[in-house]
Amino acid sequence: MTSYSEIFYLLGAMVIFSFLSLNTARSFNSSRQTVYQAEAEYRAIAVAQDELDKVQWIYEPDDLDPESSSYVYTRSGSDKYPKSLTQNYGANDQYTTTFIIDGTSELIDDSGSMKRFQVTVSVLNQNVTPEVFVTLDYVKSYTY
Amino acid sequence: MNAGLAITFVIGGLFLISILAFNTQVMNQSQELALSSINQNALDNLVDILDNDFNKIGFNSGISVPFTIITDQNILFQGDVYDNDSYSSTNIRWFFDTSDPVTSTANPNDYYLKRVGPIGTSSYGTIKFPAIYFDLNYYTADGTTTTDKASVKKVEVELIIETGAAYTINSDNVEYPRLVWKRIFVPNNINLPY
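This is a predicted model, so every value here is computed, not measured.

Chemist: What's the story with the pairing of strand β3 (residues 114-125) of chain A in this structure? I'm lost.
Modeler: Note on strand geometry: in a regular strand, side chains alternate between the two faces of the sheet. All names here are of chain A. Pairing geometry for strand β2 (residues 95-110) and β3, over eleven bridges, is antiparallel. Looking at the pairing, Asp109 lines up with Arg116 of β3. Once β2 ends, the chain turns through three residues before running back antiparallel as β3, passing Gly112 with a positive phi of about 100°. Where β3 meets strand β4 (residues 132-143), twelve bridges bridge the pair, whose relative direction is antiparallel. Paired with Lys115 across the bridge in β4 is Tyr142. Hairpin geometry of β3 and β4 is characterised by an intervening segment of six residues between the two adjacent antiparallel strands.

Chemist: Which parts of the structure should I look at to understand the interface of chain B and chain A?
Modeler: You'll often see interface size given as the accessible area lost when the parts meet. The interface is formed by 32 residues belonging to chain B together with 29 residues belonging to chain A. The interface formed by chain B and chain A contains three salt bridges. A salt bridge links A:Asp53 to B:Arg183, with the shortest nitrogen-to-oxygen separation between them at 2.9 Å. Among the elements of the structure, α1 (3-55), β7 (154-162) and β10 (178-185) of chain B are those that each provide at least two residues to the side of chain B that touches chain A. For the side of chain B that touches chain A, the element with the highest residue contribution is α1(B), accounting for 15 residues.

Chemist: Which parts of the structure should I look at to understand the sheet that holds strand β6 (residues 133-139) of chain B?
Modeler: Across a sheet, strands are paired by hydrogen bonds formed along the backbone, either parallel or antiparallel in direction. Residues and elements named next belong to chain B. If you walk across this open sheet you meet the three strands as β6-β7-β10, and the pairing is antiparallel. Each of the sheet's edge strands pairs with one partner strand only, and the pair in question is β6 and β10. Direction aside, neighbouring strands of the sheet carry axes that sit 10° apart on average. One ladder, built from eight bridges, connects β7 with β10; its direction is antiparallel.

Chemist: Any chance you could explain the nonpolar core here in plain terms?
Modeler: One recurring pattern in soluble globular proteins is that nonpolar side chains are buried together. Residues B:Phe54, B:Ile75, B:Trp94, B:Val155, B:Leu159 and B:Trp181 are the most contacted members of the largest nonpolar core, which totals 31 residues. When near neighbours in sequence (up to four residues on either side) are disregarded, B:Ile75 contacts B:Phe54, B:Phe67, B:Ile69, B:Ile70, B:Ile92, B:Arg93, B:Trp94, B:Leu136, B:Tyr138 and B:Val155. If you look at the next biggest cluster of nonpolar residues, it comprises 25 residues, including A:Ala48, A:Tyr71, B:Ile132 and B:Tyr133.

Chemist: Explain the environment of A:Leu136 here, please?
Modeler: Residue and element names in this part refer to chain A. Take Leu136: it is sitting in strand β4. A sequence separation of 84 residues divides Leu136 from Leu52, and the C-alpha atoms of the two residues are 8.0 Å apart. When sequence neighbours within four positions are dropped, the list of residues in contact with Leu136 reads Ile45, Ala48, Gln49, Leu52, Val119, Thr120 and Val121.

Chemist: Please clarify how the side chain of B:Gln40 should be interpreted in this entry.
Modeler: With respect to the helices, strands and loops of the structure, B:Gln40 is situated in helix α1. Not counting residues within four places of it along the chain, the set of residues in contact with B:Gln40 comprises A:Ala38, A:Glu39, A:Tyr42 and B:Leu179.

Chemist: I would appreciate a short explanation of the packing of aromatic side chains in the present structure.
Modeler: How two aromatic rings sit relative to each other is set out by the distance from centre to centre and by the angle between their planes. Counted according to the given criterion, the structure contains 13 aromatic pairs over all chains. Relative to A:Tyr142, the ring of A:Phe117 has its centre 6.1 Å away and its plane inclined at 75°; by these criteria the two rings are edge-to-face. Here A:Tyr142 lies in strand β4 and A:Phe117 lies in strand β3, a separation of 25 residues in the sequence. Each member of the pair, A:Phe117 as well as A:Tyr142, carries the same accessibility label: buried. Ring plane angle 55° and centroid distance 5.9 Å describe the contact between B:Tyr87 and B:Tyr124, whose orientation is recorded as tilted. Of this pair, B:Tyr87 sits in the loop between β2 (74-79) and β3 (90-101) while B:Tyr124 is found in strand β5 (residues 124-131), placing the two residues 37 residues apart along the sequence. B:Tyr124 sits in the partly exposed class, given a relative accessible area of 37%. The ring of A:Tyr144 has A:Lys115 sitting right over it, with the charged end atom 5.6 Å from the ring centre.

Definitions and limits used
- Residues numbered from 1 in each chain as written.
- Chains lettered and ligands numbered in written order.
- Predicted model: local features only at pLDDT ≥ 70, side-chain atom pairs only at ≥ 80, totals over all residues.
- Heavy atoms only, no water.
- Pairing = 2+ DSSP bridges.
- Helix = DSSP H or I, 4+ residues; strand = E, 2+ residues; numbered from the N terminus.
- Contact = heavy atoms within 4.5 Å.
- Salt bridge = Lys/Arg side-chain N within 4 Å of Asp/Glu carboxyl O.
- Axes fitted to C-alpha atoms, helices over the stretch in contact; angles between N-to-C directions.
- Core = buried A, V, L, I, M, F, W, Y, C linked by side-chain atoms within 4.5 Å.
- Buried < 20%, exposed > 50% of the residue type's maximum accessible area, 1.4 Å probe, protein only.
- Phe/Tyr/Trp six-rings, centres within 6.5 Å; stacked < 30°, edge-to-face > 60°.
- Lys NZ or Arg CZ within 6 Å of the ring centre and 35° of its normal.

Put into structure tokens, the structure is as follows:
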């Protein structure tokens, strides 16, 4: 009987140890994923900033008006949004990430002498799980 | 030898080996996480300075073409990058110095990315950051690559950094956590509508 009880003790210890090791591995995996997510998010923010930088140089208010035919964030035609952007990194372009960029614009204020548009740019990175989604807003004003 | 004792040794030995293997794995993962976080902070700091400098290309310079050098790994431009110092518009240079490897770290891949410009309210000098890759591309307003200083409206900066220390994957293989970053700057002062 003594030897049987020792085997049970050993089995119990091994089960507890495996639970502990599994939990530790899970915890590390989750932390690592958080770090990777943060890195992917950082790159996605840079892409969204690039897109907003372009908005700074839109001189025609009509280009930000969703009702206009020259609306930049059009949903039709060859230049339609959402757009896919593949970025290569490294001396030999050895790293690749694909982003999906979407943008919308909304007239939030028209005072009679000034129009204000709120431009929202969102960037989605599906190369990581869960997906990274970043949204940046920019308010562009035009006097007329 | 008692058979029970021998079996106990075998089971105990296996148990010990699994604990040791688990310990090694935990150590490696902790190292990887710590190094990745340090790397992320380093990139964040570097990007802050790059953001500041590149967005102020041409600021207060009073000239239409603020660039003196535009090559793949070297840019020299004029700009008032910090308004509260004693310098007005002055030369700022960012270059990747592949003749100057970082000797203070174990990483064999890193070289100094150097910034020459104002580093205080009244001091001008060089600060350097370890990096493994730095690349610049210059674009016209419509997004075409250019080497003509007068036509540059956008500057693309690409950066790869690795940590100075490594974590061990196995006895023959070490890994340096790596971060890549890319951004296209559209500086206001070279894109004015007149």
